[in-house]
Amino acid sequence: MATDTDSGYIDGFGQVSRTTGTIFRYLLLAATMFGIVTLAVLLVYVANDAIRPLTADLGWHLTFFLTLVVPTAVVGGYLARRNVPALKLGGMVVGMLAVSLLFSGGVAIVFVDIIPPLTGLSYVVGLLVPAALVVVLTKYEQQIPFTLRVAATGAAFVLSLVGVPGYFHSIPEIVRQLPVVPADWMILTLVLGGVAAVVVGQYVARIREDTTAGLAAGASALLLTGLAAVVGPALGVDANAAAVVTSVAFVPTVAYAGGAAVTRERERIGLLLAAVVIGGSLVGAAAVDALGFAGPQSWVDWQFLTSAHSGSAENAGLYPAIGGSILLMATVAALSFPLGVGAAVYLEEYAPDNAFTRFIDVNISNLAGVPSVVYGLLGLGVFVTYLGQPTGTVIIGGATLALLILPIVIISSREAIRSVPSDMRQASYGMGATRWQTVKNVVLPEAFPGILTGTILALGRAIGETAPLIMIGAPNVLFTLPTELTSKVSAMPLQVYAWSSLFASEDFYTKAVPAGVVVLLAVLLAMNSIAIVLRNKFESGN
Amino acid sequence: MNGTEDPTNDEMLVETDVSDGLSASANSVSRDAETVISSENINVWYGDDHALTDITMDIPENSVTAMIGPSGCGKSTFLRCINRMNDLIDVARVEGRLTLRGKNVYDDDVDPVALRRRVGMVFQKPNPFPKSIYENVVYGLKIQGIDADYDEVVEESLKRAALWDEVKDRLHESGLDLSGGQQQRLCIARAIATDPEVLLMDEPASALDPVATSQIEDLVEELAEDYTVVIVTHNMQQAARISDKTAVFLTGGELVEFDDTQKIFENPDSQRVEDYITGKFG
C-alpha cells in the first residue's frame, strides 16, 4: 500500500500491485496439476489400448449415447440443480452396485474355484459351533472366571476346527463325510445368502426399529438368493455364479436402496438416477444386440478375466493372478489387521511415555518408508532361508506383504484412536471402567471406521506390490489357481511385469499389458472408493 | 448402600487384604460418623508444577460441598484426587492421605477402578458416549457387572436426573442428539445409575445456558438428599445457592478457607476470601 513511511499517512486506496501474487498462484496451480495431468494422460492412453472404444460400430456408441448417456445427463443435471443429496444417494447406489459386482466376482473365485463349496460349508459349521459357545459364555461373563472362559473358548475352537487326530474328528471332517451332500449352489445359498440375509435383516431391523420387519427382510433376502440360483440356469447363468452375485451384489444394493427410499423421503428421488443408469445400460445392451451393432474389441473381456497365460497375447488371461492377488490380500489382511491394531492400541492407550516407546515410535515411522524390495529380502531371509519354507507360496507372500504394510496400518490406526475425544475415555474411566473395558466399549467402536479406512488403503498399497513377490521367488506365470496357503502364487502386478519383461513383444505390450493394468487399477479404485465412502460417513457422523 | 454405614463397603474397594480395610473403617466410624471424605495434607505436582499444597478438609455425608476459586487454583485437581482420576495423567504425583469412609484411597491395596465404581463423576463438558440414551445409562451397570433390571434402572435414573419426560419416547436414539443441558443431565443419570456413594461434579453447568444451569442446580439440591455431592464451580452465586459447605481455593493451590457456605459468604475469616467473594480480584 502506498504509505508515507515517515508519517504513516495512507495517501490512497488504489490498486496494489498483484502481479507477483497472480504469477505465484498460477505457478502453484501448475505444480499441483503437473503430476495429476501426467498420470491422467497415461491412464487414458492405457485404458484406450486396453478397452479400444474406437473399434466399436458408430451405431453402438450412438445407441448407448441415447439410452444411457442422455437420460443420465438429464436426470443428473436436474438433481444437481434441485437436490444434491438425492444426486449423491443415486450415485452411491450405482457405485455400490458396481463395486459389489466387482467384489462378487472375487468372492465367486474364492468360494467356487479356490475353496470347494462343501469345504467352505464345513469350515463355516466348524466356526459356528465355537462361536455359539462364545456368545453363551459372554452371557454368563460375570459368573465364570476370565481364564476359564478363555481356556474353554480356545479349546472349543481347536477341537472343532482341528480335532484330535486319531481320536476325535474335527467338525469340518464330519461335515464332509455326511452321506447326503447338497448341490453346490444350495451350499452357496446357505452360506453366502445366509450372511447377506443376516446383514440385511439387521439393517432393516435397525432402520425400522422392528424385529419382525428385519426377520422378514432377512428371509426374503435368503429366498431371493435361492431363487436366483434356481432361475439362473434357465437364463444361461451358472447356478453357483447366480447365487454368489445375488447374495453379494444385488441383495445388499437393493436393501440399501430400499432402506433409503423408506427413511430418507427428501432424497428418495435420487433413486431415479440409479434406475436410469441401470435401466439405460440394460436397454442399450438389448438394443445393440437386436440391431446387430458390434461392440468394442476390448482386450479386457471375459476371456481375459477367466483364462490363464498363453503363448499368444490374444489368448492370454489374468485368472490365476487375480485369484492369487485375492488370496494374498486375504492373508495380508488376516495377518496385518490384528497385529497392527493391537500395536496401535498398546502404543496409544497403554504404553507409558518413556524413551522406549519414543524409540518404537520413531522406528515405526522409519519402517513405513523402507523400500518394498528390502521387505522382500526380509521375507526371503526369514521365511525361506531361516524357516526353510518353500519359495513363492501364498503364506510367504502374504506374510511378507503384511510386514510391508504393518507400519502403515499401525500409523493410521493410531491416528484413528488418537482422534477419539479424551472426554469419552474420561467418562468411561470415571464410571469405573478398566482400561480394557474402555478400549473395547468406547475407543475401538469410535475409532473403527478410521482404522478400517487406513487398513483398506494399506491393502491397496500391498495389492500393487511387485518387488517383494519377486524377491521371495513367486512364479511370474502360473497356469492354475493357488488353492491352498502353501501353493505357489502369482499376483496381478507380477503377471503384468512378466508380460512386459519376459514375454516382451509388440503383441504383449499393446494387448495384455494394458488390459492387466486396467484390471489392477479397477480393483484398486474399488478398494479406495470403499475407504473414501467409509471415511466420509465417519466424518459426517461426528 | 449410600446413606448407611456399611462396614463391608471397603471389601469392594480393596482387592486384597480385606481385614485392613475393615479395621480402618471401624476407626472412622468411631471418630466421626458424618465424614465421608477426609483429606490430610494432600499435595499434587504436575511434573515440577506444585498444583495443590497441603489440602486438609472433611466432607460431610449427604450434603453439597462446593469448591470455588479462580481458574487454575487446583479445585478440579482436588476433585480428581478423590477418585484418583489424576492417576491417568502420567506426570501427576499425589502425596498425602485421602480417606473415603476411613480407608486411604492412596493405599497400595486400593484399586482405582474399584474406587471409581463407588465415586461417580460428572464432567465439565457433557460427554455422553456415542451410543443410545439407554446404553449410556446402563453403561456403568454393564461394565461393573451389576445384575439388575436395566429397564427399571434406566427409568429410575432418568427420572432422578429430571430427563425422563423429555426422552422416554426415544431411549434408543443417540445420546449425542440431545441438547447440551439434556446431555449433561444424561451424564448425571449415567453417574447415578450405579448408585455411587459420592458424586463428584466438575463445573457441571459451565458449558450450559442459564435455563439448563438452573435445572442442573435444582437437580444437585435434590441429589444431596441421597448422595454426598462435591461440586466444583467458578460461579460464586451458584455455590451460594446450592451448597451446604464451601471451600475456597486461591491461586497457588492452597485451601484458604473451608466452612459453612453461609459463613463463607457473609463473614469469612480470611481477608483474601472476602476480597475474592466481593469481586475485588479473581
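Please read these numbers as outputs of a predicted model, since none were measured by experiment.

*Asks:* Is there a simple way to think about the overall build of chain A in this case?
*Replies:* Scanning chain A from terminus to terminus reveals 20 helices and two strands. Each principal axis of the C-alpha distribution contributes one length, and for chain A these read about 100 × 70 × 60 Å. A buried classification covers 37% of the 542 residues belonging to chain A. When contacts within chain A are restricted to residue pairs at least 6 apart in sequence, those whose partners lie at least 24 apart make up 75%.

*Asks:* Can you walk me through the overall build of chain B in this structure?
*Replies:* The helix and strand tally for chain B stands at twelve helices and ten strands. Taken over 282 residues, chain B has a buried fraction of 48%.

*Asks:* Sorry if this is basic, but what is going on with the interface of chain B and chain A here?
*Replies:* Contact residues are listed per partner, giving 19 residues for chain B and 18 residues for chain A. For the side of chain B that touches chain A, the secondary structure elements donating two or more residues are α4 (112–118) and α5 (133–144) of chain B. With four residues, α5(B) is the largest single contributor of residues to the side of chain B that touches chain A. Among the residues making up the side of chain B that touches chain A, the classes are represented as nine nonpolar, six polar and four charged.

*Asks:* Would you mind showing me how to read unusual backbone geometry here?
*Replies:* Trans is the common state for peptide bonds, and a negative phi is the common state for residues other than glycine. All names here are of chain B. In this structure, Asp-54 takes a positive phi of about 45° despite not being glycine. You can see Asp-54 is positioned in strand β2 (residues 49–60). Of the residues examined, Asp-54 has 14 C-beta atoms within 10 Å and is grouped as partly exposed. Despite not being glycine, Asp-195 shows a phi value in the positive range, around 55°. If you trace the backbone, Asp-195 turns up in the loop between α8 (180–193) and β7 (198–202). The exposure class of Asp-195 is partly exposed, given the 19 C-beta atoms found within 10 Å.

*Asks:* So what exactly am I meant to see when it comes to the UniProt feature "domain: ABC transporter" (unreviewed entry) in chain B here?
*Replies:* As recorded in UniProt, the sites labelled "domain: ABC transporter" (unreviewed entry) are residues 37–277 of chain B. Along residues 37–277 of chain B one finds 37% helix and 27% strand; the C-alpha atoms at either end are 26 Å apart.

*Asks:* Just checking my understanding: could you explain the nonpolar core for this structure?
*Replies:* Generally speaking, nonpolar side chains in soluble globular proteins are found buried as a group. Residues Ile405(A), Leu199(B) and Val229(B) are the most contacted members of the largest nonpolar core, which totals 196 residues. With 15 residues, the top contributor of residues to this core is helix α15 (residues 394–418) of chain A. Both of domain 2 (63–301) and domain 3 (313–541) of chain A provide at least three residues apiece to this core. Leaving out residues up to four positions away in the same chain, Val229(B) has contacts with Val64(B), Leu199(B), Met201(B), Val220(B), Leu223(B) and Ala224(B).

*Asks:* What am I meant to see in the packing of helix α2 (residues 58–82) of chain A against helix α3 (residues 84–114) of chain A here?
*Replies:* Axis angle and axis distance: for two packed helices, these are the angle between their axes and the distance between the axes, and together they describe the pair. All names here are of chain A. One way to put it is that α2 packs onto α3 with a least axis distance of 6 Å and a crossing angle of 140°. The angle between the axes of α2 and α3 places the two elements in the oblique class. Taking contact as the criterion, the partners of Gly-76, Leu-79 and Ala-80 in α2 are, on α3, Val-84, Ala-86, Leu-87 and Gly-90. For the contact of α2 with α3, the residue count by class is five nonpolar, two polar and no charged.

*Asks:* What's the story with the UniProt feature "domain: ABC transmembrane type-1" (unreviewed entry) in chain A in this structure? I'm lost.
*Replies:* Sites flagged by UniProt as "domain: ABC transmembrane type-1" (unreviewed entry) map to residues 322–531 of chain A. Secondary structure over residues 322–531 of chain A splits into 77% helix and 0% strand, and the C-alpha atoms at its two ends are 21 Å apart.

*Asks:* What am I meant to see in the pairing of strand β6 (residues 119–122) of chain B here?
*Replies:* Two faces belong to every sheet, and in a regular strand the side chains alternate between them. Residue and element names in this part refer to chain B. Burial of the side chains of β6 extends over both faces: Val-119 and Met-121 are buried on one face and Gly-120 and Val-122 on the other. One ladder, built from four bridges, connects β6 with β7; its direction is parallel. Each bridged residue has a counterpart across the sheet, and for Val-122 the counterpart in β7 is Met-201.

*Asks:* Could you clarify how one ought to interpret the packing of α3(A) against helix α10 (residues 271–291) of chain A in this entry?
*Replies:* All names here are of chain A. Following both chains from N to C, one finds α3 and α10 inclined at 40°, their axes separated by 7 Å at the closest point. Classified by the angle their axes make, α3 and α10 are oblique. Classified by chirality, the crossing of α10 by α3 is right-handed. From α3, Leu-87, Leu-89, Gly-90, Gly-91, Val-93 and Val-94 reach across to α10, where they touch Leu-271, Leu-272, Leu-273, Ala-274 and Val-277.

*Asks:* Can you help me understand the environment of Lys103(B) in this one?
*Replies:* Residues and elements named next belong to chain B. By the secondary structure assignment, Lys-103 is in strand β5 (residues 103–104). In this structure Lys-103 comes out as buried when scored by C-beta crowding, with 24 C-beta atoms within 10 Å. For the pair Lys-103 and Gly-181, spaced 78 residues apart in sequence, the C-alpha separation works out to 35 Å.

*Asks:* For this particular structure, what's the right way to read the environment of Trp185(A)?
*Replies:* Residue and element names in this part refer to chain A. Summarising the element assignment, Trp-185 is placed in helix α7 (residues 184–208). For Trp-185, a count of 25 C-beta atoms within 10 Å corresponds to the buried category. Along the backbone, Trp-185 and Leu-444 are 259 residues apart, and their C-alpha atoms lie at a distance of 37 Å.

*Asks:* Explain the pairing of strand β1 (residues 35–46) of chain B here, please?
*Replies:* Residue and element names in this part refer to chain B. The pairing of β1 with β2 spans eight bridges and is antiparallel. For Ile-37, the partnering residue across the bridge sits in β2 and is Ile-59. Once β1 ends, the chain turns through two residues before running back antiparallel as β2, passing Gly-47 with a positive phi of about 65°. Summarising the sheet, β1 and strand β4 (residues 92–100) pair through eight bridges and their orientation is antiparallel.

*Asks:* What is the right way to read the confidence of the model for chain B from this model?
*Replies:* A low pLDDT score tells you not to read the predicted coordinates there in detail. All names here are of chain B. Mean pLDDT over chain B stands at 83; residues scoring 70 or higher make up 88%. Every residue in residues 1–11 is under pLDDT 50, and counting partners more than four places away or in other chains gives 23 contacts. Confidence metrics for the complex model read pTM 0.83 and ipTM 0.84.

*Asks:* When you look at helix α16 (residues 422–430) of chain A in this model, what are you seeing that I'm missing?
*Replies:* Think of an α-helix as 3.6 residues a turn; residues three or four steps apart then line up on the same face. Listed in full, the buried residues belonging to α16(A) are Arg425(A), Gln426(A), Ala427(A), Ser428(A), Tyr429(A) and Gly430(A). Next to the buried residues of α16(A) lie α17 (435–463) of chain A together with α4 and β6 of chain B. Within two residues after α16(A), Gly432(A) carries a phi angle of roughly 90°, on the positive side.

Rules and cut-offs
Residues numbered from 1 in each chain as written. Chains lettered and ligands numbered in written order. Predicted model: local features only at pLDDT ≥ 70, side-chain atom pairs only at ≥ 80, totals over all residues. Helix = DSSP H or I, 4+ residues; strand = E, 2+ residues; numbered from the N terminus. Buried ≥ 20, exposed ≤ 12 C-beta atoms within 10 Å, placed from the backbone. Contact = placed C-beta atoms within 7 Å. Nonpolar A, V, L, I, M, F, W, Y, C, P; charged D, E, K, R; others polar. UniProt positions renumbered as here; feature names shortened; annotations may be inferred. Core = buried A, V, L, I, M, F, W, Y, C linked by C-beta atoms within 7 Å. Domains from an automatic or database assignment. Axes fitted to C-alpha atoms, helices over the stretch in contact; angles between N-to-C directions. Parallel < 35°, antiparallel > 145°, perpendicular 65-115°, else oblique. Pairing = 2+ DSSP bridges. Left-handed = near helix turned anticlockwise from the far one by under 90°. pLDDT = per-residue confidence, 0-100.

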